[in-house]
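Structure at a glance
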Amino acid sequence: MNGTRIAGLGHYLPERVLSNADIERMVDTSDQWIRDRTGIEQRHVAAPHETSSSLGYRAALMALEQARVNPEDIDLIIGATTTPDGLFPSAASLIQDRLGAVNAGAYDVNAACMGFLSAFSAATQYIATGAYQRVLVVGTEVLSRIVNWQDRGTCVLFGDGAGAVLLEAAPYGGPLGFVLHSDGSRKLYLYAEGPCGPRDAEGNGAPPHLCMINMDGPALFKFAVNAMANAVREALGKSQLSVADVDVLLPHQANLRIIQGTAKSLGIPEDKAVVTIHRYGNTSSASIPIAMSEAARAGRFEEGARIAICSFGGGLAWGSMIYEWSTTGVAPERRPVAAASASGG
Ligand code: COA
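As the structure is a prediction and not an experimental result, all values here were calculated from the model. (Residues numbered from 1 in each chain as written. Predicted model: local features only at pLDDT ≥ 70, side-chain atom pairs only at ≥ 80, totals over all residues. Heavy atoms only, no water.)

So, unusual backbone geometry
Of note, the amide linkage connecting Phe88 to Pro89 takes the cis form, showing an omega dihedral of 0 degrees. Mapped onto the fold, Pro89 is located in the loop between β4 (76-80) and α4 (91-99). Of the consecutive residues Gly315 and Leu316, the connecting peptide bond is found in the cis state with omega at -10 degrees. Mapped onto the fold, Leu316 is located in the loop between β12 (306-313) and β13 (317-324). One non-glycine residue, Ala112, adopts positive backbone phi at about 50 degrees. For Gln240, which is not glycine, the phi dihedral falls at a positive 55 degrees. On the secondary structure map, Gln240 appears in the loop between α7 (217-238) and β11 (248-251). Taking relative accessible area as the criterion, Gln240 reaches 45% and is therefore assigned partly exposed. (Helix = DSSP H or I, 4+ residues; strand = E, 2+ residues; numbered from the N terminus. Buried < 20%, exposed > 50% of the residue type's maximum accessible area, 1.4 Å probe, protein only.)

Quick look at the sheet that holds strand β7 (residues 160-170)
Pairing within the open sheet is mixed, and its five strands lie in the order β1-β7-β6-β4-β5. Lying at the two open borders of the sheet, with one neighbouring strand each, are β1 (3-12) and β5 (105-109). Between one strand axis and the next, the sheet turns through 20 degrees on average, direction left out of account. Pairing geometry for strand β6 (residues 134-142) and β7, over nine bridges, is antiparallel. Following the sheet pairing, Glu141 is matched in β7 by Gly161. Most of the contacts of α4 go to β5, to which it runs at about 145 degrees, and overall it touches β4, β5 and β6. The sheet strands contacting helix α10 (residues 287-297) are β1, β6 and β7, and the helix crosses β1 at an angle near 100 degrees. (Pairing = 2+ DSSP bridges. Axes fitted to C-alpha atoms, helices over the stretch in contact; angles between N-to-C directions. Contact = heavy atoms within 4.5 Å.)

What follows is the structure, given as structure tokens:
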């Protein structure tokens, strides 16, 4: 089985910033409420001409530039988005075209806020089996297009953005263990209907407000902390590691209190968690790759660090991956591992 190195990372946030004060002018809310309940201070919103593929393209370009890889050398592009430019073609195909990645296959994954982790885990497996050498994963969203800007319960939470990761086959690095879960029976916790849903006798589809984000916030909140913490425990078990081996927690950015609750439940110090929610809000499929790209650039991931990635979202879907960080593809000198002797791993 091949390992995986992180060859390049990129992220892109649209220029326009929407502050809590701006939202105060749109719905009955306050900066204080939003900060206290979510940790969010501002979010970015796409310009009218921007789309998921255009944001994703910018993030992908940054990743390729960092990697110094030519677009023709990419084998596969997996997009993760719930807000593609259209139902088809995929955002990944549009990004493939703009990049000039003429030798790459392309498709999108839609798993709401689990989209990136789902796409990323698939990418690592294409590489592990030797099927592909270089896979680009792009999480990208223009959630502002499906937010109900009259619903204060949801419109304060979401933002637009994109993040990209170029993975390359290497002797060292990659996933140690991962789990992906789904419980479609809880679909009403978080959903947005679309143009292809059921019709009534008159042939009408869902009314417009159901085609935007609908959410049971408190139910989702309760579910999220347990689901993410348990998924991390499961992924650690599959990796034969324990919580003490986690160097960095890289969670989906939905709510600061969910991130804090997850860290607390796991017994991971809060300062080990990567947090970007205050600046970007919840960017769904883009939140983890944006956070990963920024944290890597800030030097938060040492070679060989064990990163616990975790996410949850519409589906419901949730999961975690323990990722052994490597940009060089070469094993660093082994650092002490608290659980290794206990687990024999
Ligand atoms: N501004 C001011 N008040 C608001 C508000 C807002 N933007 N949104 C809701 N409220 C009010 C409610 O109407 C309610 O008022 P009431 O007590 O008079 O009925 C009160 O604040 C508490 O609402 P509640 O929904 O119980 O608040 P909460 O503490 O659960 O926080 C969320 C709401 C949405 C921030 C929180 O539930 C959450 O983050 N859930 C998870 C959402 C999520 O992660 N979604 C994406 C998943 S990928």
